Amino acid sequence: MNVNESEAMRRLPRTCRAADQVLWFDEVDSTNTVARRLLAGAWPPVDAAGPDVAGAETATACAGAAGVFGDGVADAAGAVGDGIADAADAPPIAVVVADSQTAGHGRLGRQWVSRPGESSMVSFATVLPQSLVTDSRVNGWLQMIAGLAAVEAIDDVCAQVGATCTHASPDMPGASPDAPDCSQDGSADVAGTHSAAGGQGVCSLRLKWPNDVFLHDHKLGGILLELVLPHGGAASAVSDAAAGTGTRPCPSVPDDRRMVGLVIGIGLNLAIPADRLPTELSTSLQLHRAPLPDPMRLRDLIAGRMTAALRDRLRAFMVDPTGYAAALRDEMEPLCWTLGRPVEARLVDGGAVRGTALRLNPDASLAIRDVAGDDHTVTTGDVGVL
């Protein structure tokens, strides 16, 4: 056992029991960068993580941990090696955790602010069939799988430690007239599907399409998915991957045996004081749930539970992509904070769509109805509530 493994076991025992490999660092530039480097070790040369800005400690740890994804691959094009040939049964998951990040970021390059003991910065690395990840009919659900696994993990851990909503409902004896009403949800009812889950009303955890965890109508965390492609290179799992950019043909390897790496990075605000929240639209878990354990233990509990949830969900998705996508849609719609609200979608091509978020489509895209009654489909972009 090397130094990193022993520190990971000491600091993250639950995560170590749930994951195939755990890497812990006191400070890195970005846990997603480290996770990309870890995955890139399966496909020499190791260049997918870009310049070696993380330092010798990170490079050494990644080199030693890359074996979690098997003994290698059949060739550099990303075919499944013997060590991960059973990925359809149980996709391997490695977890990268840091106490502090110097260059954390979310979608569209937004900075993720973090301080030790206040936020959880965790990235999950796994491998999935390329045919699945690049299938535009279903690959949008990978983002939703990550979000649902995060909500499941937080809810389960809060139940485990006995943490409940700290806000009184207005009709409770002694409640302040200014207290938020946690018995009612603030979003519109869409086809009768909206109901509280994992809590009560607005104090339940929700998912803002496509990649934010919301609590009490504020952002608790964000999720970023990135691909690690054969021969190096990274791409968004919902844009470049769907278009097939960055991949190289490999006629000698059947499509169903080509694998790509997937990094799921999630940042959660666990114990940020109200006067230090990064934006007025942000929140932190301790402002809404109590009692909670020490933030470092809470991080371990959530990361461990999310590892198990991701493994189960990804396995189900690999076995039956179309059927599981339909089940995910049924599960996601009641939790989708965006649905029923007036929104503006700022698209990657610079355009914008305004209207009401109407529904999730079978491919996980968002349907928006404008004021003229016309429906628009948004597959990727930044969706803000008006």
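Now for a description of the structure that goes with this document. It should be emphasised that the depicted structure is a prediction, and the values quoted were computed from it without experimental measurement. (Residues numbered from 1 in each chain as written. Predicted model: local features only at pLDDT ≥ 70, side-chain atom pairs only at ≥ 80, totals over all residues. Heavy atoms only, no water.)

**What to know about the pairing of strand 13 (residues 366-369)**
Piece 1. In terms of strand pairing, strand 12 (residues 352-360) meets strand 13 through four bridges, oriented antiparallel. The residue of strand 13 that forms the bridge with Ala357 is Ile368.
Piece 2. As paired strands, strand 13 and strand 14 (residues 375-378) are joined by four bridges and run antiparallel to one another. Counterpart to Ala367 in the pairing with strand 14 is Thr377.
Piece 3. A loop of five residues connects strand 13 with strand 14, the two strands running antiparallel in sequence, and Gly373 in this loop sits at a positive phi of about 90 degrees. (Pairing = 2+ DSSP bridges. Helix = DSSP H or I, 4+ residues; strand = E, 2+ residues; numbered from the N terminus.)

**Quick look at the nonpolar core**
Piece 1. The biggest cluster of nonpolar side chains holds 73 residues, and the ones touching the most others in it are Phe124 and Trp141.
Piece 2. Looking at this core element by element, the count peaks at 13 residues for helix 6 (residues 141-161).
Piece 3. Excluding its chain neighbours within four sequence positions, the residues that come into contact with Trp141 are Phe317, Ala325, Leu328, Arg329, Met332, Leu360, Asn361, Pro362, Asp363 and Ala364.
Piece 4. Formed by 18 residues, the second largest nonpolar core is a distinct cluster that contains Phe25, Ala35, Phe69 and Val127. (Core = buried A, V, L, I, M, F, W, Y, C linked by side-chain atoms within 4.5 Å. Buried < 20%, exposed > 50% of the residue type's maximum accessible area, 1.4 Å probe, protein only. Contact = heavy atoms within 4.5 Å.)

**What to know about the pattern of salt bridges**
Piece 1. The final tally for this structure, using the stated rule, is 20 salt bridges.
Piece 2. With its nearest N and O atoms 3.8 Å apart, the salt bridge here joins Asp99 to Arg11. One end of the pair, Asp99, is in the loop between strand 2 (93-98) and strand 3 (119-129); the other, Arg11, is in helix 1 (residues 3-11), with 88 residues separating them in the sequence.
Piece 3. Asp99 gets classed as buried once you look at its relative accessible area, which sits at 10%.
Piece 4. Two residues, Arg305 and Asp156, come together in a salt bridge whose shortest N-O distance is 2.9 Å. Of this pair, Arg305 sits in helix 8 (residues 295-319) while Asp156 sits in helix 6; the two residues are 149 residues apart in sequence, bridging distant segments of the chain.
Piece 5. Among the charged side chains, a network of salt bridges with common partners joins Glu7, Arg10, Arg11, Asp99 and Arg299. (Salt bridge = Lys/Arg side-chain N within 4 Å of Asp/Glu carboxyl O.)

**Description of helix 6**
Piece 1. Taking 1.5 Å per residue, 21 residues should reach 30 Å; helix 6 reaches 30 Å between its end C-alpha atoms and fits that length.
Piece 2. Summarising burial for helix 6: 16 of the 21 residues are buried, a large majority.
Piece 3. Taken from the residues just after helix 6, Gly162 is the one with a positive phi, measuring 80 degrees. (Expected span 1.5 Å × (residues − 1).)

**So, the side chain of Arg341**
Piece 1. One can find Arg341 in the loop between helix 9 (321-332) and strand 11 (342-346).
Piece 2. Only 2.6 Å separates the side chain of Arg341 from the backbone oxygen of Trp337, close enough to count as a polar contact. (Polar contact = N/O pair within 3.5 Å; in protein donor to acceptor, adjacent residues only side chain to side chain.)

**A word on the packing of aromatic side chains**
Piece 1. Evaluation of the coordinates by the stated rule reveals two aromatic pairs.
Piece 2. Ring centres of Phe214 and Trp337 lie 4.4 Å apart, and the angle between their planes is 45 degrees; this geometry places the pair in the tilted category. With Phe214 in strand 6 (residues 212-215) and Trp337 in the loop between helix 9 and strand 11, the pair connects residues that are 123 residues apart, well separated along the chain.
Piece 3. Phe214 gets classed as buried once you look at its relative accessible area, which sits at 8%.
Piece 4. Residue classification places Trp337 among the buried positions, given a relative accessible area of 7%.
Piece 5. Geometrically, the ring pair formed by Phe317 and Tyr324 is tilted, given 6.4 Å between the ring centres and 55 degrees between the ring planes. Of the two residues, Phe317 and Tyr324, neither departs from the other in class, the shared state being buried.
Piece 6. Over the ring of Trp337 we find Arg341, and its NZ or CZ is 4.0 Å from the ring centre. (Phe/Tyr/Trp six-rings, centres within 6.5 Å; stacked < 30°, edge-to-face > 60°. Lys NZ or Arg CZ within 6 Å of the ring centre and 35° of its normal.)

**Describing empty space enclosed by the protein**
Piece 1. This structure, assessed with the given rule, holds three cavities of 30 Å³ or more.
Piece 2. When its volume is computed, the largest cavity comes out at roughly 40 Å³.
Piece 3. Lining of the largest cavity is provided by Gln143, Met144, Gly147, Leu207, Lys208, Pro210, Asn211, Asp212, Ile223 and Met332.
Piece 4. Listing elements by their share of the lining of the largest cavity, those giving two or more residues are helix 6 and strand 5 (205-208).
Piece 5. If one sorts the elements of the lining of the largest cavity by residue count, helix 6 sits on top with three residues.
Piece 6. Looking at the lining of the largest cavity residue by residue, the classes come out as five nonpolar, three polar and two charged. (1 Å grid on protein atoms, 1.4 Å probe; cavity = no way out; pocket = protein on both sides within 12 Å on 5 of 7 lines; lining within 4 Å. Points joined across faces, edges and corners; volume = space filled by probe spheres on them. Nonpolar A, V, L, I, M, F, W, Y, C, P; charged D, E, K, R; others polar.)

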